[in-house]
Amino acid sequence: MLNVILNIVFIILLPLAFIGVINKTKAFWSGRKGASIIQPYYDVLRLLKKELVISRTASFLFQIYPSITLAAVFMAALLIPFVMHSSVITIEGGFIFFAYIMAFGKFLSVVGAMDVGSSFEGMGASREASFSTLVEVAFFIIMGSIAAITSDNTFGAITLILEKAGTIGYLIKILSIITFLILILIEGCRIPVDDPNTHLELTMIHEVMILDNSGIDLAMLTYASALKMLIFTSLIANMIIPESSPLLLFLLLYFLIVFAVAFGIGTIESAIARLRMSRVFDFICFTSSLGIIMLALIVVSMFS
Amino acid sequence: MYFFLIGVCLILAGGFASIFAREERKGLLFLLFFSTGSFLALVISLDSLFFSTFYCFSFNLPFPAGQVKLLFDPLSAFFISMIAVMGFLGVFYGNSYLKSYLNKDYGITSHYIFLGVFFSALILLPVIRNAFFFLIAWEFMSLSSFFLVLFDRKKKEVISAAINYLVTMHISVIFLILGFSILSFFSGSYDFSSFHNIFNNNRFLADAVFVILFIGFGFKAGLVPLHFWLPKAHPAAPSHISGLMSGLMIKIGIYGILRMLLIMGNLHIEIAYFVLAIGIITMLYGILNASVQNDIKKLLAYSSIENIGIITCGIGVGLLGIVYNNTLVAFLGFFGGLLHILNHSIFKELLFFGTGSVYTKAHTLNIDELGSLTKRMPTTSILFFTGVLAISGMPLLNGFISEFLIYMALLSGFKIHDLNIVIVFMISLASMALTGTMALMCFTKLFGIAFQGMPRSEKVKEVTTDVGMWMLLPKIALAAFIIIIGLLPNVMLLVFEPLIKSFVRAENFSQASFFTFNLLNIVSLVSIIFLSLIIIILAIRSFLLKNKKISLYKTWDCGYQAGNQKMQYTSYSFVGPFVEMFSNLFTKKENLNSPKTLFPSKGHFRVNIDDLLEVYFTEPIINGIKKILAKFIWIQNGSTQIYILYGFIFLILAIIGLFIYS
């Protein structure tokens, strides 16, 4: 019960702090003092109080899609282990459900962006849809390989890797963690795939899709996008932390890892520039090739 | 059984009865006959499905057919009940859809006659157990659907598409005749049950005959590379016919394959891998091409190919489960594949009917000429959106359930400790995922460009009202099916259990069934939690917005003040990055004529993307055949006397053949 409550508390409270840490890191590297880590909470609260401005072109879908997208990401988060390797809802084939619910959110945000008839939002929507085609494949191969090796279809399988695969399990863990790190950058729309701070519409993906959203809708989309990053970070954390660790140690390590990932993202954003749009594809393909290496490892460990 | 036959006769009679009615009343009269007939058929088949009543009827036909047996088993009962319900909705919709074609010399009467013939053949096919009679009914179905496609016969492209369809179906029939005659040659009878031994005696012969029949049925189902008629015939046919062809007729191809599998009994491992491989290729190729189409119906036709691929993939996984003695994999695979047959016919009909409604109002199906329909035709748009979400396999709706079952079959298959299975299932898993995400891309494009944004042409600006209630009703019913199956999949297990049992015969069948039932219970529970989460968040949103002003303003255009509908993303620009990513898989011809003068002048951009297999596979074959056949052109010299001589020679040969045979 405690785990369930902690899971939900983390899902609700942590994502915005995650963004806060990234922004603080970026400020640190550029020599600024930067906003406080809890600044994103103020931003979201401010947005909640604001009125709405809606495009004349938009239809009913434009008003309901941010809520559904948020619900989808929230639901996906309930399927993911946050604290103590346990998720709120554990089901067979959990990762398939997870991927499809995330896709549901993506579907609505793409369609919602197309609703205002802007060429910029069409651009973002088109890129989001095109790039996600390959990202999902990588995710499915990774999670499918883990399911194959552990004979477990739930997300709990990630804790069983070492037990079932022996030493090769370390390699599998490292590869999956790298893939998830890249997925954070892609799904969270961070550099080198997308730059959340740019103000040139032509080069943006996620930010350009929400140009016309305001008030509470924008708040929901901001939160959903932060939660997406936290979801993959939690997967990484649960993969690294040993299963036997007690709650306090777990929480300590968990916060450490979440902080480290956020710090890493901030550092990457300070250190390198965005990739050219046509190079993004190669970057995404990299995840799929990692997946194929995973598959080879699985075959080795299962049949040797 | 007699009730079923009366039902078939009523459907057939309905078409001919429409001769005697006034033009406006023809549809209603046919609907009356059809609903009575299909209701009888539905009752009988549901009775057979749930209470395992094996209705049987047999009669003798003169040489060479012999005894013809009509027999109900779960498989035929499933197909017949699907045809009865979906067919009813199609005819209901067609009645209102054809209103704008009345009294304009379109041949409404012949349309209804052929519709009657089409449905009576379609509904009869699943019970026929005699190869000869099966082929006759098959031919009736193909020929009548040719005339149904040919409805708008004043258009040149309709005629060429219909003839393409006719020829393709006859190539398909050649394979079927070949396969069935080999079987009946060895067994000495046309009865399906006599083929069983042939399949079991000679492994090579069995595989060869299976592949021949698979090709024959594959043409009808639209399996890659035999799919090329689908994207041509669907845009040519009127929308309710496209819906019926895509929803029901191509499934009869799948029925044929399933029937052959049932007759074969014990399986060879090569066949299981073969079916799975074809399924994967079909779904990937179908959706890849669907995403670049500009015409809604062509896009939907390619998406039908994709869904047939998913169905075949599910069946292939189920077959591998049987071969490797894993009941759970077999159960889940077959359940997923068979459920997807039903699901696809539901959402594809919904989408085609939605397309028909758009066409009645906007008179175009080019995605780039539509737009802004969510505001102009709200109810149609919501229903279409439901269909689009379902076909992309989104949770809460039925498409997800069948895909989820196939995924679960693949995941359970990893427990079979076999190298081939792990690799093949992992490839299938990745392909399913890729298909799913490409479907997302394809259908966000379809909905985003064709239904949203500003009107993209003058044609849409004239649309002010939604279609009438009679055109909406069948779509509402279909959308309700989609949501019910999506939220309560556990109920569907009860319907499908006897059906799956006829394929998967194993001792631990009930265990697999129990596991699946629990799985679906949880899926249903999670879906309902998800639905309530959506509702809660929407409620919170409207609560927070209660006393706030919602103001309307123009779309953000980056400070540019003269934005118009021409600046919106188009169908091609939406898939542009995607086409660039997979540029090797498309044959893209770009033609850019940009303004070269200093002052603004006109320019144009045109891009053509052709079906890769059609360009590099089908066309070379057709050209080769054309070359060979050109050498025989002297046979057709136009002189009547010679033709009579041909007839005479044929008769003599037939008589001689008959003597030798008997």
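Scroll up to find the structure.
A short tour of the structure in this document, coming up. (Residues numbered from 1 in each chain as written. Chains lettered and ligands numbered in written order. Predicted model: local features only at pLDDT ≥ 70, side-chain atom pairs only at ≥ 80, totals over all residues.)

What follows is about the overall build of chain A. If you tally the helices and strands in chain A, you get eleven helices and one strand. Tracing chain A from N to C terminus, the helices and strands come up as α-α-β-α-α-α-α-α-α-α-α-α. For chain A, whose C-alpha radius of gyration is 19 Å, the value lies close to the compact-globule estimate of 19 Å for 304 residues. Looking at chain A as a whole, 57% of its 304 residues are labelled buried. In chain A, the share of contacts with a sequence separation of at least 24, taken over all contacts with a separation of at least 6, comes to 76%. (Helix = DSSP H or I, 4+ residues; strand = E, 2+ residues; numbered from the N terminus. Rg over C-alpha atoms; globule rule 2.2 N^0.38 Å. Buried ≥ 20, exposed ≤ 12 C-beta atoms within 10 Å, placed from the backbone. Contact = placed C-beta atoms within 7 Å.)

The helix and strand tally for chain B stands at 24 helices and five strands. In terms of C-alpha radius of gyration, chain B reaches 26 Å, essentially the compact-globule figure of 26 Å for 662 residues. Taken along the three principal axes of its C-alpha coordinates, chain B extends 85 × 70 × 50 Å. Scored against the burial criterion, the 662 residues of chain B give a buried share of 54%.

Turning our eyes to something else, we now look at helix α11 (residues 277–303) of chain A. The first and last C-alpha atoms of α11(A) sit 41 Å apart over 27 residues, in line with the 39 Å expected at 1.5 Å per residue. Those residues of α11(A) lying buried are A:Val280, A:Ile284, A:Thr287, A:Ser288, A:Gly291, A:Met294, A:Leu295, A:Ile298 and A:Ser301. (Expected span 1.5 Å × (residues − 1).)

All names here are of chain A. Structurally, Lys 49 is set in helix α2 (residues 39–49). According to the C-beta neighbour criterion, Lys 49 is exposed, with 11 such atoms within 10 Å. For the pair Lys 49 and Gly 93, spaced 44 residues apart in sequence, the C-alpha to C-alpha distance is 40 Å.

Of the residues lining the interface, 65 residues belong to chain A; the matching set on chain B comes to 65 residues. For the side of chain A that touches chain B, the secondary-structure elements that each account for two or more residues are β1 (52–55), α3 (60–78), α4 (94–114), α5 (119–150) and α11 of chain A. Examining the composition of the side of chain A that touches chain B, we find that 18 residues originate from one element, α5(A), more than from any other.

Moving on: the packing of helix α1 (residues 2–17) of chain B against helix α4 (residues 108–124) of chain B. Residue and element names in this part refer to chain B. One way to put it is that α1 packs onto α4 with a least axis distance of 6 Å and a crossing angle of 165°. By the criterion of interaxial angle, the relationship of α1 to α4 is roughly antiparallel. α4 is crossed by α1, and the crossing has left-handed handedness. In this structure, α1 contributes Val 8, Ile 11, Leu 12, Gly 14, Gly 15 and Phe 16 to the contact, and α4 contributes Tyr 112, Ile 113, Phe 114, Leu 115, Gly 116, Val 117, Phe 119, Ser 120, Ile 123 and Leu 124. Of the residues in the contact of α1 with α4, the class split is twelve nonpolar, four polar and no charged. (Axes fitted to C-alpha atoms, helices over the stretch in contact; angles between N-to-C directions. Parallel < 35°, antiparallel > 145°, perpendicular 65-115°, else oblique. Left-handed = near helix turned anticlockwise from the far one by under 90°. Nonpolar A, V, L, I, M, F, W, Y, C, P; charged D, E, K, R; others polar.)

All names here are of chain B. For helix α10 (residues 239–264), with 26 residues, the first-to-last C-alpha span of 37 Å sits near the 38 Å given by 1.5 Å per residue. Counting buried residues along α10, 23 of its 26 residues qualify, which places the element largely inside the surrounding structure. Once α10 finishes, Gly 265 follows within two positions and takes phi at roughly 70°, a positive value.

We now examine the packing of α3(A) against helix α9 (residues 215–240) of chain A. All names here are of chain A. Look at α3 against α9: their axes get within 9 Å of each other, and the N-to-C directions meet at 25°. On the basis of their axis angle, the class for α3 and α9 is roughly parallel. Regarding α3 and α9, the two cross each other, and that crossing is left-handed. Taken together, the residues of α9 that come into contact with α3 (itself represented by Pro 66, Ser 67, Thr 69, Leu 70, Val 73, Phe 74, Ala 76 and Ala 77) are Asp 217, Met 220, Leu 221, Tyr 223, Ala 224, Leu 227, Lys 228 and Ile 231. Taken together, the residues of the contact of α3 with α9 sort by class into twelve nonpolar, two polar and two charged.

Further remarks concern the pairing of strand β2 (residues 66–71) of chain B. All names here are of chain B. Bridge count between strand β1 (residues 56–61) and β2: six bridges; the pairing is antiparallel. Across the sheet, the residue bridging to Ser 58 is Lys 69, located in β2. The antiparallel hairpin formed by β1 and β2 contains four residues in its connecting segment. (Pairing = 2+ DSSP bridges.)

Residues and elements named next belong to chain B. Little of strand β4 (residues 587–593) is tucked away, with zero of its seven residues classed as buried. Of the pairings in the sheet, the one linking β4 to strand β5 (residues 604–610) comprises seven bridges and is antiparallel in character. If you follow Lys 589 over to β5, its bridge partner there is Asn 608.

In this structure, the amide linkage connecting A:Ile191 to the following residue, A:Pro192, adopts the cis form with an omega of 10°. In this structure, A:Pro192 sits in the loop between α7 (168–187) and α8 (206–209). With an omega dihedral of 5°, the bond running from B:Val224 to B:Pro225 counts as a cis peptide bond. Locating B:Pro225 in the fold gives a position in the loop between α8 (203–221) and α9 (230–236). Of note in this structure, A:Cys189 is not a glycine but carries a positive phi near 55°. Mapped onto the elements, A:Cys189 comes out in the loop between α7 and α8.

The biggest cluster of nonpolar side chains holds 332 residues, and the ones touching the most others in it are A:Ala76 and B:Leu122. No other element matches the 21 residues that helix α17 (residues 419–451) of chain B contributes to this core. When residues no more than four places from it in sequence are discounted, the contact partners of A:Ala76 are A:Phe98, A:Ile101, A:Met102 and A:Ile231. (Core = buried A, V, L, I, M, F, W, Y, C linked by C-beta atoms within 7 Å.)

Residues and elements named next belong to chain B. Secondary-structure assignment places Met 567 in the loop between β3 (550–553) and α22 (571–581). Classification of Met 567 by C-beta neighbours within 10 Å gives partly exposed; the count is 15. The spacing of Met 567 and Met 454 is 113 residues in sequence and 9.8 Å in space, taken between C-alpha atoms.

Our next topic: the environment of B:Ser594. As for its placement among the helices and strands, B:Ser594 is situated in the loop between β4 and β5. Sequence spacing of B:Ser594 and B:His604 is ten residues, and the spatial spacing of their C-alpha atoms is 6.4 Å.

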